[in-house]
Amino acid sequence: MPLGPSPLERLNRARADLRMGVPVVLAAAGRFAIVVAAEELGADRLAALRALGPVTLAITVRRAETLKARAYDGDLARIVVPEDVDLAWLRGVADPADDLRAPMKGPLNSQRDGDAGLHRFAIQLAKSAHLLPAALVVPVQDGAGIARQEGLTFLDLDLVAPEFARAARLHPVIAARVPMRAAEAGRLHVFRPEDGGEEHYAVEIGRPPRDKPVLARLHSACFTGDLLGSLKCDCGPQLHAALEQMGAEGTGVLLYLNQEGRGIGLANKMRAYSLQDQGFDTVEANHRLGFEDDERDFRLGAGLLKAMGFGAVRLLTNNPAKIRMMEAMGITVTERVPLQVGRTRHNDAYLATKAKKSGHLL
């Protein structure tokens, strides 16, 4: 049994490196590139990258649309980084915080020729690290040699891309009794993904039979709503109403998935909130940041249900996408149970956007 990291473990190590501002080396089909997350890049490393060759900034098509930059690669744009620009310029392209104050970011010239595969994966990697989806990319000749010399994480996309695409495997860690206000007969199950990422939880009420549809809720973590009682969303009321309904029926399971901010992470969620204060709705704010409407992976919920022995659910949700994903992953949804609580004057526009643009049944 080798002691070194597996491709999956290297992938998670690369995420941690990007969050610290440390570059990683990507390789595919004999091509190599050094990549680093734009938001964590420092001046010294920018200078070192420039010494290696021409630098491009990979951004998503959503961000490119905001900046009026050409996205020749369809889902992304490779912005040529001029030799005389500084970190402030790079961060201005990556982060929309000052778009209204300083809308002119250009001229932005997009690279047209060559393969964009390494750039595409660099963006995906930054997203999965909960960073802004913008990465500096520098093609190099001897990527493996640079990785050894500088001690950088080396990712062979032929090995890690399949691991990146599949749903994370979750392993049970521990379960213990937790009496709750909604139900004294409660148990909390902790599941850990094999890549060392964030843990996810299942709150089991009573002892629901595994051969019958269970009342279930897939609840994505919302620090502001669940813990702080934020009035900008309906997450906290939905969480407590779901638990109370399960307590009233005597059985149920609530899956608490650590996918804050529709999967973009708390920092980016706060960036979106700041953009909402500038007049953009939820979807528009996500797009300006470079994200899609919803970046969550509901396959996690199906995996948890299967791990606990459930094959059919009565799903507490207003989101048809959750139903479609459950069915696609082999979980039968026998009933959609509406969960319409928590409307306030602070979130009325937010809920209207969810219904109009995301298809929620409100």
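Residues numbered from 1 in each chain as written. Predicted model: local features only at pLDDT ≥ 70, side-chain atom pairs only at ≥ 80, totals over all residues. Heavy atoms only, no water.

Glancing now at the side chain of Asn286. Secondary-structure assignment places Asn286 in helix 12 (residues 282-289). Relative accessible area serves as the criterion here: at 3%, Asn286 is assigned to the buried category. Those residues within four positions of Asn286 in sequence are excluded, and the remaining contacts are Ile264, Ala272, Phe291, Glu292 and Asp293. (Helix = DSSP H or I, 4+ residues; strand = E, 2+ residues; numbered from the N terminus. Buried < 20%, exposed > 50% of the residue type's maximum accessible area, 1.4 Å probe, protein only. Contact = heavy atoms within 4.5 Å.)

Bringing the UniProt feature "binding site: GTP" (unreviewed entry) in the chain into the picture now. The UniProt entry lists Arg217, Leu218, His219, Ser220, Ala221, Gln238, Glu260, Gly261, Arg262, Thr282, Thr317 and Lys322 under the feature "binding site: GTP" (unreviewed entry), expressed in the numbering used here. Spatial dispersion of the annotated residues is evident: they stretch over 106 residues in sequence, and the largest pairwise C-alpha distance comes to 22.7 Å. When you line up the elements, Leu218 lands in strand 10 (residues 214-220). Looking at Leu218, the relative accessible area reads 1%, which means it is buried. For Leu218, the contacting residues outside a window of four places in its chain are Leu255, Phe298, Gly301, Leu315, Lys322 and Met326. Residue placement: Gln238 occurs in helix 9 (residues 235-249). We classify Gln238 as buried; its relative accessible area is 6%. Beyond its immediate stretch of four places on either side in the chain, Gln238 contacts Arg217, Asn318, Leu339 and Val341. (UniProt positions renumbered as here; feature names shortened; annotations may be inferred.)

Another point: the sheet that holds strand 12 (residues 312-316). Pairing is mixed in the open sheet, where 7 strands are placed in the order 7-8-9-11-10-12-13. Of all the strands in the sheet, just strand 7 (170-177) and strand 13 (332-337) have a single pairing partner and so form its edges. Between one strand axis and the next, the sheet turns through 25° on average, direction left out of account. Sheet topology places strand 10 next to strand 11 (residues 252-257); 5 bridges connect them, and they run parallel. (Pairing = 2+ DSSP bridges. Axes fitted to C-alpha atoms, helices over the stretch in contact; angles between N-to-C directions.)

On to the state of the cysteines, then. Applying the stated criterion across every chain yields a total of 0 disulfides. Just so you know, Cys233 is unpaired, no disulfide at all, and the nearest cysteine sulfur is the one on Cys235, 3.6 Å from it. Exposure remark for Cys233: the relative accessible area of 4% places this residue in the buried category. The class for Cys235 is buried, based on a relative accessible area of 15%. (Disulfide = S-S within 2.5 Å.)

In this structure the tally under the stated criterion is 3 aromatic pairs. Between the aromatic rings of Tyr201 and Tyr256, the centroid separation amounts to 6.4 Å while the plane-to-plane angle is 20°, which identifies the pairing as stacked. Taken as a pair, Tyr201 in strand 9 (residues 200-205) and Tyr256 in strand 11 lie far apart in primary sequence, 55 residues in all. With a relative accessible area of 26%, Tyr201 lands in the partly exposed category. Just above the ring of Tyr273 sits the side chain of Lys232; from NZ or CZ to the centre is 4.7 Å. (Phe/Tyr/Trp six-rings, centres within 6.5 Å; stacked < 30°, edge-to-face > 60°. Lys NZ or Arg CZ within 6 Å of the ring centre and 35° of its normal.)

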